[in-house]
Amino acid sequence: MGFLEKRDPEIFNAIRGEIGRQRGTLELIASENFTSLAVLEAQGCVMTNKYSEGYPGKRYYGGNEFIDVAENLARDRVKKIFNAEHANVQPHSGSSANMEAYFAVLKLGDKILSLFLPEGGHLSHGSPVNFSGQFYKIAHYHLDPETGMLDFDAIRKAALAEKPQMILCGYSAYPRTVDFKAFKEIADEVGAVMMADVAHIAGLIAGGEHPHPFPYADIVTTTTHKTLRGPRGAVIMCREKYAQAVDKAVFPGMQGGPLDHAIAAKAVCFGEAMKPEFRGYARQIVLNAKALADELMGRGFKLVSGGTDNHLMLVDLRSKGCTGKEAQVWLEAAGVTANKNMVPNDDKSPFVTSGIRLGTPALTTRGMKEGEMREIGGMIDRIVASKGDAAVAAKVKGEVSALCARFPLYPELEW
Ligand code: DSN
């Protein structure tokens, strides 16, 4: 890294600071992960220099021989992982992918039926402050207020009443298994397109820890950087009948030149996700989430839906007498990174919230297992019980540093 250090010491120091932060703290943000060095290398490669509007074999610029190799590998690999008929690997982000997916299969003003954001949905699933809530009519379904789980009778009733053109499943803060078949049956009954945004659980699907959205979904979007452990970016997959519409929506509809370095890194990530050891990784993510959830519940924390089937859990802090915002700040002071999150029936704003969301993908990448999860559950309990007391935070921070040192991150990087 001598080049960057000499050319731009300010940015060099910011990156060095970030590596230090990632190494020395416990990353419990459910949507974050640590890529392999191979993914990092591809992401930082000379493919960033290239323009390649179009698709492999049909580009608007010359010189795309090797770019085509990378994009074809990315497409073929991701199709194989998800049993998809078609894949477009060019979307820059999850929100872009969702915008492009809607643009491909809906008309502006059509109606989307999706989960309400405070119950685990996503901004791009119809929030009024997002393009999705402004370009499309939005109706929401809700979790069962008793169980905190998807309620298919209520979803069917909402679909029959609202007659949406699209039914959307896939969530940012839902800790349970999604029944894609049940969604498809309801979508078919009302003649809607069934879309699954599997960004959070893509790695669990790839690793055999969550059922596949295909053959039920018509269109599937995912980011590549969460449980899938790839570079920041996204993919759209669909049935062959939507392939042309999806490709046209991405380019020239919504994007110009693809990020070829990111596509190369996505291909590397997909290659890694196809290896047998990725199944072990996905399994451990789920085991770790269960261990952390059990530890927290044993210490009196209330979890939405009473536990987890996947990589995340949503802690309702109302019974602990603090807000999500307070807990996030207290945890961060002790070296534990998490995010405040709305919980069902939250009376607080999204800036305050009554909950925190915790996830295990990143710590599992570091090699941590159930024992460490129980240890971390104890730390979280002490921090929250002390209401952010500085002495408790300092003590826990020392324990966090010791734990991080036992599971080194990027030891090969000379930073
Ligand atoms: N920001 C992502 C998450 O944290 O779930 C979703 O886009």
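The structure under discussion appears in the preceding block.
Reading guide: rules and limits
Residues numbered from 1 in each chain as written. Predicted model: local features only at pLDDT ≥ 70, side-chain atom pairs only at ≥ 80, totals over all residues. Heavy atoms only, no water. Salt bridge = Lys/Arg side-chain N within 4 Å of Asp/Glu carboxyl O. Helix = DSSP H or I, 4+ residues; strand = E, 2+ residues; numbered from the N terminus. Buried < 20%, exposed > 50% of the residue type's maximum accessible area, 1.4 Å probe, protein only. Pairing = 2+ DSSP bridges. Axes fitted to C-alpha atoms, helices over the stretch in contact; angles between N-to-C directions. Parallel < 35°, antiparallel > 145°, perpendicular 65-115°, else oblique. Left-handed = near helix turned anticlockwise from the far one by under 90°. Contact = heavy atoms within 4.5 Å. Nonpolar A, V, L, I, M, F, W, Y, C, P; charged D, E, K, R; others polar. 1 Å grid on protein atoms, 1.4 Å probe; cavity = no way out; pocket = protein on both sides within 12 Å on 5 of 7 lines; lining within 4 Å. Points joined across faces, edges and corners; volume = space filled by probe spheres on them. Polar contact = N/O pair within 3.5 Å; in protein donor to acceptor, adjacent residues only side chain to side chain. Phe/Tyr/Trp six-rings, centres within 6.5 Å; stacked < 30°, edge-to-face > 60°. Lys NZ or Arg CZ within 6 Å of the ring centre and 35° of its normal. Patch = residues over 30% accessible without salt bridge, like charges linked within 9 Å, V, L, I, M, F, W, Y side chains within 5 Å. Areas by Shrake-Rupley, 256 points an atom, 1.4 Å probe, with all protein chains shown as cover.

Account for the pattern of salt bridges, with residues named and values stated.
Enumeration according to the criterion identifies 21 salt bridges in this entry. Here Glu 71 ties to Arg 59 by a salt bridge, and the two come within 2.9 Å at their closest N and O atoms. Linking Glu 71 in helix 4 (residues 65-82) with Arg 59 in strand 3 (residues 58-59), this pair joins segments that are 12 residues apart in sequence. Taking relative accessible area as the criterion, Glu 71 reaches 1% and is therefore assigned buried. Among the ionic pairs, Lys 111 bridges to Glu 162, the shortest N-O distance being 2.7 Å. Remark: Glu 162 occurs in helix 7 (residues 152-162) and Lys 111 occurs in strand 5 (residues 111-115); sequence separation between them is 51 residues. Overall, Lys 111 belongs to the buried group, its relative accessible area being 18%. Through salt bridges with shared partners, one network takes in Lys 184, Asp 188, Asp 218 and Arg 239.

Outline unusual backbone geometry, supporting the account with residue identities and numerical values.
Omega for the peptide link from Phe 214 to Pro 215 comes to 15°, which places this bond in the cis form. As for its position among the elements, Pro 215 is in the loop between helix 9 (202-206) and strand 9 (219-223). The residue Asn 83 is not glycine, and still its phi comes out positive at about 55°. Looking at where Asn 83 falls in the secondary structure, it is placed in the loop between helix 4 and strand 4 (86-88). Non-glycine residue Tyr 410 carries a positive phi angle of around 50°. If you trace the backbone, Tyr 410 turns up in the segment after helix 16 (390-406).

Explain the pairing of strand 9 to me, using residue names and the numbers behind them.
Side chains on a regular strand alternate between the two faces of the sheet. Counting buried positions along strand 9 gives 5 out of 5 residues, so the element sits mostly inside the fold. Burial along strand 9 is two-sided: Ile 219, Thr 221 and Thr 223 facing one way and Val 220 and Thr 222 facing the other are all buried. Relative to strand 9, strand 8 (residues 193-197) runs parallel, the two sharing 3 bridges. Each bridged residue has a counterpart across the sheet, and for Ala 196 the counterpart in strand 9 is Val 220. By the bridge criterion, 5 bridges tie strand 9 to strand 10 (residues 234-238) in an arrangement that is antiparallel. Paired with Thr 223 across the bridge in strand 10 is Ala 234.

Describe the packing of helix 5 (residues 94-105) against helix 10 (residues 243-254), listing the residues and the values that go with them.
It is at 8 Å that the axes of helix 5 and helix 10 come closest, and there the two elements cross at 120°. Judged on the interaxial angle alone, helix 10 and helix 5 are oblique. You can see that helix 5 and helix 10 cross each other, and the crossing is right-handed. Contact residues: Met 99, Glu 100, Phe 103 and Ala 104 in helix 5; Ala 245, Val 246, Ala 249, Val 250, Gly 253 and Met 254 in helix 10. By residue class, the composition of the contact of helix 5 with helix 10 is 8 nonpolar, 1 polar and 1 charged.

With reference to specific residues and values, describe empty space enclosed by the protein.
In this structure the tally under the stated criterion is 1 cavity of 30 Å³ or more. Here the largest cavity is characterised by a volume of approximately 70 Å³. Across the lining of the largest cavity, the residue classes tally to 7 nonpolar, 4 polar and 2 charged.

With reference to specific residues and values, describe helix 8 (residues 180-190).
Looking only at helix 8, the buried set comprises Phe 180, Ala 182, Phe 183, Lys 184, Ile 186, Ala 187 and Val 190. Against the buried residues of helix 8 lie strand 6 (137-141), helix 7, strand 7 (166-169) and strand 8. With a side-chain oxygen lying 3.3 Å from the backbone nitrogen of Lys 181, the N-terminal cap of helix 8 falls on Asp 179. Backbone geometry just after helix 8 places Gly 191 at a positive phi near 70°.

I'd love a proper account of the packing of aromatic side chains, names of residues and values included.
With the rule as written, the count across this model stands at 10 aromatic pairs. In textbook terms, an aromatic cluster arises when at least three aromatic residues are bridged by ring pairs, as seen for Tyr 102, Phe 131, Phe 135 and Tyr 136. The positively charged end of Arg 229 is found above the aromatic ring belonging to Tyr 281, 3.9 Å away from the centroid. Over the aromatic face of Phe 301 sits the side chain of Lys 320, whose NZ or CZ is 4.4 Å from the ring centroid.

If you had to explain a nonpolar patch on the surface to someone new, which residues and values would you point to?
Judged by side-chain polarity, Tyr 51, Tyr 60 and Tyr 61 come together as a nonpolar surface patch covering roughly 410 Å² of accessible area. Residue class for Tyr 60 comes out exposed when judged on its relative accessible area of 66%.

I'd like to hear about the pairing of strand 5, residue by residue, with values.
Counting buried residues in strand 5 gives 5 out of 5 residues, a clear majority hidden from the surface. Bridge analysis of strand 5 against strand 7 gives 2 bridges, and the strand direction is parallel. Its bridge partner lying in strand 7, Leu 113 is registered against Ile 167.

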